[in-house]
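So the chains spell out like this:
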Amino acid sequence: MAKKKMGLEDLGFVFSTDKDFEPDIHEDEKEETLKPKDQLLEAHYSSKGRAGKKVTVVKGFIGTDEDLTALGKDLKKKCGVGGSVKNGEIIIQGEVRDKVMSYLSDMGYKVKRVGG
């Protein structure tokens, strides 16, 4: 079967000779952060792939990266431990899932305990 050659139109590239043409760019469409009561977060406990170190992972946040980072910072401060925010997940060092779940519930989030 012969390979189809891709042209500029296949990549979404548009050329216009109209000097007043403005492309329809959707950079303004950012994901908005849902209210805490509308979100269902999952609190996981994991040591897999972390050289045996235990961590609490919060998944399922829907919103901007800035709001996720701020929530991660609040959780780390509340638990008195370190952690990070990567790939849309909040990673908190140590087995502090109960503290994290309690704090998120107090903030109005729905939290589901996942795993052992």
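So, here's what we can say about the structure. Since the model is a prediction, treat every value here as computed from it, not as a measurement.

Reading guide: rules and limits
- Residues numbered from 1 in each chain as written.
- Predicted model: local features only at pLDDT ≥ 70, side-chain atom pairs only at ≥ 80, totals over all residues.
- Heavy atoms only, no water.
- Helix = DSSP H or I, 4+ residues; strand = E, 2+ residues; numbered from the N terminus.
- Buried < 20%, exposed > 50% of the residue type's maximum accessible area, 1.4 Å probe, protein only.
- Contact = heavy atoms within 4.5 Å.
- Salt bridge = Lys/Arg side-chain N within 4 Å of Asp/Glu carboxyl O.
- Pairing = 2+ DSSP bridges.
- Axes fitted to C-alpha atoms, helices over the stretch in contact; angles between N-to-C directions.
- Expected span 1.5 Å × (residues − 1).
- Arc of directions from axis to C-beta.

Describing the overall build of the protein chain
Then, number 1: From N to C terminus, the protein chain includes two helices and five strands.
Then, number 2: When its helices and strands are written in sequence order, the protein chain yields β-β-α-β-β-α-β.
Then, number 3: Out of the 116 residues in the protein chain, the part that is buried amounts to 25%.
Then, number 4: When contacts within the protein chain are restricted to residue pairs at least 6 apart in sequence, long-range pairs at least 24 apart make up 51% of them.

Things to note about the pattern of salt bridges
Then, number 1: Overall, the coordinates contain two salt bridges when judged by the stated rule.
Then, number 2: A salt bridge links Lys 59 to Glu 89, with the nearest nitrogen and oxygen atoms 3.7 Å apart. You can see Lys 59 sitting in strand β2 (residues 55-59) and its partner Glu 89 sitting in strand β4 (residues 89-93), a full 30 residues away along the chain.
Then, number 3: Overall, the relative accessible area of 30% leaves Lys 59 in the partly exposed class.
Then, number 4: Arg 113 serves as the salt-bridge partner of Asp 98, at 2.7 Å between the closest nitrogen and oxygen.

Notes on unusual backbone geometry
Then, number 1: With phi around 55 degrees, Ala 51 is a residue other than glycine that occupies positive phi space.
Then, number 2: Topologically, Ala 51 is positioned in the loop between β1 (40-46) and β2.
Then, number 3: The class of Ala 51 is exposed, set by a relative accessible area of 79%.
Then, number 4: Residues other than glycine seldom take positive phi values, yet Asn 87 does so here, at roughly 50 degrees.

Topic: the pairing of β2
Then, number 1: In terms of burial, β2 is a largely internal element, four of the five residues being buried.
Then, number 2: Pairing of β1 with β2, which is carried by five bridges, proceeds in the antiparallel orientation. Pairing of Ala 43 across the sheet is with Val 58, part of β2.
Then, number 3: Direction of pairing for β2 relative to β4: antiparallel, over a ladder of four bridges.

Quick look at the sheet that holds β2
Then, number 1: Sheet architecture is open: five strands sit in the order β3-β4-β2-β1-β5, paired in mixed fashion. Taken across any chain shown, the strands that pair with only one partner, and hence form the sheet edges, are β3 (83-86) and β5 (110-114). Each strand of the sheet is rotated relative to its neighbour by a mean of 20 degrees, with strand direction disregarded.

Details of helix α1 (residues 65-79)
Then, number 1: Taking 1.5 Å per residue, 15 residues should reach 21 Å; α1 reaches 21 Å between its end C-alpha atoms and fits that length.
Then, number 2: Among the residues making up α1, those that are buried are Leu 68, Leu 71, Gly 72, Leu 75 and Cys 79. Down the axis of α1, the buried set is contained in an arc of 100 degrees. They therefore lie on one face. Opposite its buried face, α1 presents the exposed residues Glu 66, Lys 73 and Lys 77, each directed more than 90 degrees away.
Then, number 3: Against the buried residues of α1 lie β2, β3, β4 and α2 (97-106).
Then, number 4: Backbone geometry just after α1 places Gly 80 at a positive phi near 70 degrees.

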